[in-house]
Amino acid sequence: MEGSKKCMNIIELKNKIEDKTLDDSFLVLQYSDVSFIARQYVEEISNFKNRPIVYVDSLDSIAESIFGDDGMLYVMNTDKITTPIKSSSLNNKIIICKSIDENVLVDLKEHVIEIPKLQQWQIRAYASKNLPGLSNEEVNWLCDITKDIYRLSNEVDKIKIFNKKEQSSIFRLLNEEDNYGDLNSNTIFNFTNAITKRDIKAVKNILETIETMDVGSMGVMSILYKSFKNIINVQMTLNATYESVGMSPRQFNAIKYNLGKYTNGELVRIFDTITSIDSALKRGNLPETKIIEYLLINIL
Amino acid sequence: MNILGQEKLLSKLNLYTSNTFPKSSIVLGPFGCGKHLFARHVATKFNLELIDITENISQEFIESIYLRVIPTLYVIDASKIVERQQNMILKFLEEPSIYTFIIILAENRVSLLPTILNRCVEFEFEQYTRETLLQFVDDSIDKELALSVCVTPGQLKLLKMTNLSELKELCLKMAKKTAIASFPNMLSISDKLNYKDEFDKYDVNIFLNMVIQTLSSEYKMNNDKKIFDMYMTTLKYTKMLRDKRLNKRYIIEKYLSDLWKEARSV
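All figures in this text were calculated on a predicted structure; none of them were measured in a lab. (Residues numbered from 1 in each chain as written. Chains lettered and ligands numbered in written order. Predicted model: local features only at pLDDT ≥ 70, side-chain atom pairs only at ≥ 80, totals over all residues.)

A. Region of the structure containing the overall build of chain A. Scanning chain A from terminus to terminus reveals 13 helices and five strands. In chain A, which comprises 300 residues, the proportion classed as buried is 29%. Considering only residue pairs separated by 6 or more positions, chain A has 64% of its internal contacts joining residues 24 or more positions apart. (Helix = DSSP H or I, 4+ residues; strand = E, 2+ residues; numbered from the N terminus. Buried ≥ 20, exposed ≤ 12 C-beta atoms within 10 Å, placed from the backbone. Contact = placed C-beta atoms within 7 Å.)

So this is what it looks like as structure tokens:
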């Protein structure tokens, strides 16, 4: 087993990530209630080292690359470490665990970083940091309604792709339509992205998955509404700049690459379709189960 | 407590005593007519504690109410609850405890489930007369303009916070320049309206009333068919907005889109 450094605490780890001074040494992140924070740290480490995360069942099974470092960050997530780690090189490998067998702990001790129990204020701080566009009341409400950190994280993911200015309105839209809790964020966003890019093949692939999942169609509609409105604002404004349409440069550029997939006339028609669905649904003219089909027929 | 110009409503209330006042009732009237004031009046008259439970409707909360032994008037604002919550209060309306009275505040019947309507006694606000409304207007605002766009004291109160000349200018621009505006330009009007507690923005009803008033006078002056079409479209969407189940922002943006297309039609 390599490495003879003194073990860090969570604050030192945080500082090293922020200062970008964390080396490649093996880490064991030991949590006491939920693995959420440990996973967040792993993501941060992956981001700053620019190493994609590969989750593995056992660190021993990772074959050493004959070309040396393969550029990955290997992560093993287990409830309890019961057997000694035998891998020859442990650089860029992390174990997330809840407990460690006493016999194994002796060898791992210097690598273990204890993750304290998640406090309520930390959960709120996490939501506030990721959703700067929401007011304190909105953040508190979201934290209260989601109850656990994983569900909160799922909801945060849905909103954080929008810029600060739009976050509050998309939050309200999702909230007004009583959508929280039923969406799978990846599916929803892949799906709506495929529609806005007019990528029919991708839409078809995702639809096959959606059929077997509980997907909130009103959520799809809310996000499509916001996405198409952004495209309209950029595509149909003469000489649009990010300032003139009130967007961040990053968001503006992302939307710019999606322009021209639909003509201006089509965009207006799509906008009409989306804004009409709410009343069609609530007045009983369109069953909720048919919303996605209706959207696809009228958009693509 | 002073509820001006609602003699019929008050005389209906006066027919009841604390023993005969219905356990479950609905108060109907447009935004700003004084529904909350009426609920407070009922609570005072029958010596009831008043609690607004709109924000707390859940199965657990309703169950906890049955444990209370203080005579209480529970107020629910129907415009702020979803259909699922309306279903949740059905049993509560049907079998309230002996200490419980419930008042649901709603702008119209269409926003309520028929099962709720069947279980409640209705109290409906009358349309305010011009004379009554004038008592709520001070000299700081243009009285005629105010009365042409507001139909309730509450709306007049909101109007005092509104920059009337700017709103009028916006409506005039809509009447005259929609044909040359870009689509994003047209949709940006929606961002100036108050959909939920954004009181620095224009109230949606006041805005639409002002558009109607502006289009009507423009049509009288120019006899332009397109203005007439815009006027009719505005009326249609004003009516649609009375259905509180619908998302106001979607309605307004569909309305703006329709106006934009009409202005371009040959």
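Moving on, there is more to tell.
B. Highlighting unusual backbone geometry. Residues and elements named next belong to chain B. One non-glycine residue, Asn 47, adopts positive backbone phi at about 55 degrees. The phi angle at Asn 223 is positive, at roughly 50 degrees, despite the residue not being glycine. Relative to the elements of secondary structure, Asn 223 occurs in the loop between helix H12 (204-222) and helix H13 (225-240).

C. Representation of the interface of chain A and chain B within the structure. Taken residue by residue, the interface counts 16 residues in chain A and 14 residues in chain B. Taken together, the elements giving at least two residues each to the side of chain A that touches chain B come down to helix H7 (164-176), helix H10 (217-235) and helix H12 (264-282) of chain A. Ranked by residues supplied to the side of chain A that touches chain B, first place goes to H12(A) with eight residues.

D. Region of the structure containing the nonpolar core. If you look at the biggest cluster of nonpolar residues, it comprises 56 residues, and the most contacted ones within it are A:Met221, A:Leu224, A:Phe228 and A:Ile274. For this core, the element with the most residues is H10(A), which contributes ten residues. The residues touching A:Ile274, leaving out its near neighbours within four places in the chain, are A:Met221, A:Leu224, A:Tyr225 and A:Phe228. Of all hydrophobic cores here, the second largest spans 29 residues; its members include B:Leu28, B:Val75, B:Leu93 and B:Ala106. (Core = buried A, V, L, I, M, F, W, Y, C linked by C-beta atoms within 7 Å.)

E. Fine view of the sheet that holds strand E1 (residues 24-28) of chain B. Residues and elements named next belong to chain B. Taken in spatial order, the five strands line up as E2-E3-E4-E1-E5 in an open sheet, and their pairing is parallel. The open sheet is flanked by strand E2 (49-52) and strand E5 (121-124), the only strands paired with a single partner. For this sheet, the mean angle separating the axes of adjacent strands, direction not counted, is 25 degrees. Packing against the sheet, helix H2 (residues 35-45) makes contact with E1, E2, strand E3 (72-77) and strand E4 (100-106), and its axis sits at approximately 165 degrees to E4. (Pairing = 2+ DSSP bridges. Axes fitted to C-alpha atoms, helices over the stretch in contact; angles between N-to-C directions.)

F. How the structure looks around the sheet that holds strand E4 (residues 93-100) of chain A. All names here are of chain A. Pairing is parallel across the open sheet formed by five strands, whose spatial order is E2-E3-E4-E1-E5. Each having just a single partner strand, strand E2 (53-56) and strand E5 (112-115) make up the two edges of the open sheet. Between one strand axis and the next, the sheet turns by 25 degrees as a mean value, whatever way the strands run. Pairing analysis gives four bridges linking strand E1 (residues 27-31) to E4, with the strands arranged parallel. Bridging from a neighbouring strand, Leu 27 pairs with Ile 94 of E4.

G. How the structure looks around the packing of H12(B) against H13(B). Residues and elements named next belong to chain B. Across the interface, H12 lies against H13 with an axial gap of 9 Å and an inter-helix angle of 160 degrees. Taken together, H12 and H13 sit at an angle that is classed as roughly antiparallel. Classified by chirality, the crossing of H13 by H12 is left-handed. In this structure, H12 uses Leu 208, Val 211, Ile 212, Leu 215, Ser 216, Glu 218, Tyr 219 and Asn 222 to contact H13, whose residues at the interface are Ile 227, Phe 228, Met 230, Tyr 231, Thr 234, Leu 235 and Thr 238. Taken together, the residues of the contact of H12 with H13 break down into ten nonpolar, four polar and one charged. (Parallel < 35°, antiparallel > 145°, perpendicular 65-115°, else oblique. Left-handed = near helix turned anticlockwise from the far one by under 90°. Nonpolar A, V, L, I, M, F, W, Y, C, P; charged D, E, K, R; others polar.)

H. Quick peek at the packing of helix H5 (residues 136-146) of chain A against helix H6 (residues 149-160) of chain A. Residues and elements named next belong to chain A. At their nearest, the axes of H5 and H6 sit 8 Å apart, and the two run at 135 degrees to each other. It follows that H5 is oblique to H6 by the angle criterion. Read as a crossing pair, H5 and H6 show a hand that is right-handed. Residue-level inspection shows Leu 142, Cys 143 and Thr 146 of H5 in contact with H6, the latter providing Arg 151, Leu 152 and Glu 155. Each residue belonging to the contact of H5 with H6 can be placed in one class, and the counts come to three nonpolar, one polar and two charged.

I. Geometry of H12(A). For H12(A), spanning 19 residues, the distance from its first C-alpha to its last is 29 Å, which sits close to the expected 27 Å at 1.5 Å a residue. At A:Ser276, H12(A) shows its largest kink, close to 30 degrees. At its buried positions, H12(A) is contacted by H10 and helix H13 (291-299) of chain A together with helix H14 (248-264) of chain B. Two residues or fewer after H12(A) comes A:Gly284, characterised by a positive phi angle close to 80 degrees. (Expected span 1.5 Å × (residues − 1). Bend = angle between axes of the 7 residues up to and from the residue.)

J. Main features of the environment of B:Asn14. You can see B:Asn14 is positioned in helix H1 (residues 7-14). Sequence separation between B:Asn14 and B:Lys45 is 31 residues, and the spatial gap between their C-alpha atoms is 9.4 Å.

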